[in-house]
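# Remarks on the overall topology
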Amino acid sequence: MSADTQVDVTVLNGVPFLDHGFSVPRLFGGVVAVRQRHGEQLHAEDLPAKEDFPAWLTPEVAVKTRPNAFPLPVRPMPVARSRRIRRAVLRLADLAPSWRPLMGLPVRYHLLEQGDPSLSASTYLWPQHVLLSDSAFDSGQALDELLVHETCHQWLYLIEELWPFDVPNARRVALPSGTPDRAPREVIGAAHVAAATLRMYQDLNVHSDRVDFFTSYGRGCLELLNDIDEDLTPAGRIIAGQLQEAI
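Just so it is clear, the model here is predicted, and its values are computed rather than measured.

## Some remarks on the nonpolar core
Ranked by internal contacts, the top residues of the largest apolar core, which has 72 residues, are Leu27, Leu132, Trp155, Ile159 and Leu243. The set of elements that each furnish at least two residues to this core consists of α1 (24-41), α3 (79-93), α4 (100-103), β4 (129-132), α5 (140-160), α6 (184-203), α7 (209-227) and α8 (234-244). The contacts of Trp155, once residues within four sequence positions are left out, are Pro16, Phe17, Phe22, Val24, Leu27, Phe28, Pro101, Leu102 and Leu105.

## Things to note about the packing of aromatic side chains
Tallied over the full model, the rule gives six aromatic pairs. Aromatic pair Phe22 and Trp155: ring centres 6.3 Å apart, planes at 85°, arrangement edge-to-face. With a gap of 133 residues between them, Phe22 in the segment before α1 and Trp155 in helix α5 connect regions that are remote in the sequence. According to the relative accessible area criterion, Phe22 is buried, its value standing at 9%.

## Thoughts on α3
Look at α3: 21 Å from first C-alpha to last across 15 residues, which is about the 21 Å you get at 1.5 Å a residue. Of all the positions in α3, only Ile85, Ala88, Val89, Leu92 and Ala93 are classed as buried. One face of α3 carries all of its buried residues, which in axial projection span an arc of 135°. Turned more than 90 degrees off the buried face of α3, the exposed positions are Val79, Ala80, Arg87 and Leu90. Of the surrounding elements, those touching the buried residues of α3 are α4, β2 (108-112), β4, α5 and α6.

## Remarks on the packing of α5 against α6
In a pair of packed helices, the angle between the axes and the distance between the axes together describe the arrangement. For the pair α5 and α6, interaxial distance at closest approach is 9 Å and the crossing angle is 135°. Considering their axes alone, α5 and α6 lie oblique with respect to each other. Relative to α6, the crossing made by α5 is right-handed. On the side of α5, the interface is formed by Gln141, Asp144, Glu145, Val148, His149, Cys152, His153, Leu156, Tyr157 and Glu160, while α6 contributes Arg185, Ile188, Gly189, His192, Val193, Ala196, Thr197, Met200 and Tyr201. Considered class by class, the residues forming the contact of α5 with α6 number nine nonpolar, six polar and four charged.

Each value, and the rule that gives it
Residues numbered from 1 in each chain as written. Predicted model: local features only at pLDDT ≥ 70, side-chain atom pairs only at ≥ 80, totals over all residues. Heavy atoms only, no water. Core = buried A, V, L, I, M, F, W, Y, C linked by side-chain atoms within 4.5 Å. Buried < 20%, exposed > 50% of the residue type's maximum accessible area, 1.4 Å probe, protein only. Helix = DSSP H or I, 4+ residues; strand = E, 2+ residues; numbered from the N terminus. Contact = heavy atoms within 4.5 Å. Phe/Tyr/Trp six-rings, centres within 6.5 Å; stacked < 30°, edge-to-face > 60°. Expected span 1.5 Å × (residues − 1). Arc of directions from axis to C-beta. Axes fitted to C-alpha atoms, helices over the stretch in contact; angles between N-to-C directions. Parallel < 35°, antiparallel > 145°, perpendicular 65-115°, else oblique. Left-handed = near helix turned anticlockwise from the far one by under 90°. Nonpolar A, V, L, I, M, F, W, Y, C, P; charged D, E, K, R; others polar.

What follows is the structure in structure tokens.
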């Protein structure tokens, strides 16, 4: 698949973390083609050779080839916490065979700035970079949830390099949690996180109040997507429909 191929998002065979047949190679092929094209348009320097496929999937190249990319303010991640992240990522990768390449996506981890109330953060405009709070390390459960959460976002950002999920000037809405001023693409992202976290707990054979929370939250996101359907692109509607089947 190339960046100019006129195909729709169904070529990926589902949604990452939810569908065992999700095609990582097809997505990577499209992403590399897009990054190579953007790299030329942006006159980016020190880009890999075109045949060096893995190098085009690194965080450094992702940033160089993302139009309007910018870093967020962060603190460095201490070595001990980096080790905890690596152990958690490996543990999550073992939940299901289809999760191994997903959790193996190259990502740079940072700490949020002091005083930031967020538990974690990431943005399409700083691809393959994840910010975690100090409280993310309070328990293994918290870290697992937030790593799944932010890795889900990274994979949807990859898909959005090929197919945007919402139309220009789409309405901004509040998430079911009350978080205001979110684009429809971010509602899709929230529903995806809920569905993937539920899958994590299902694979761990765990039932807790977190399962009830994510079930309710995910369904609330899907109801909201139904209300703003006209603000979604065809790709956004397809992804929303696939999530509907998962929650």
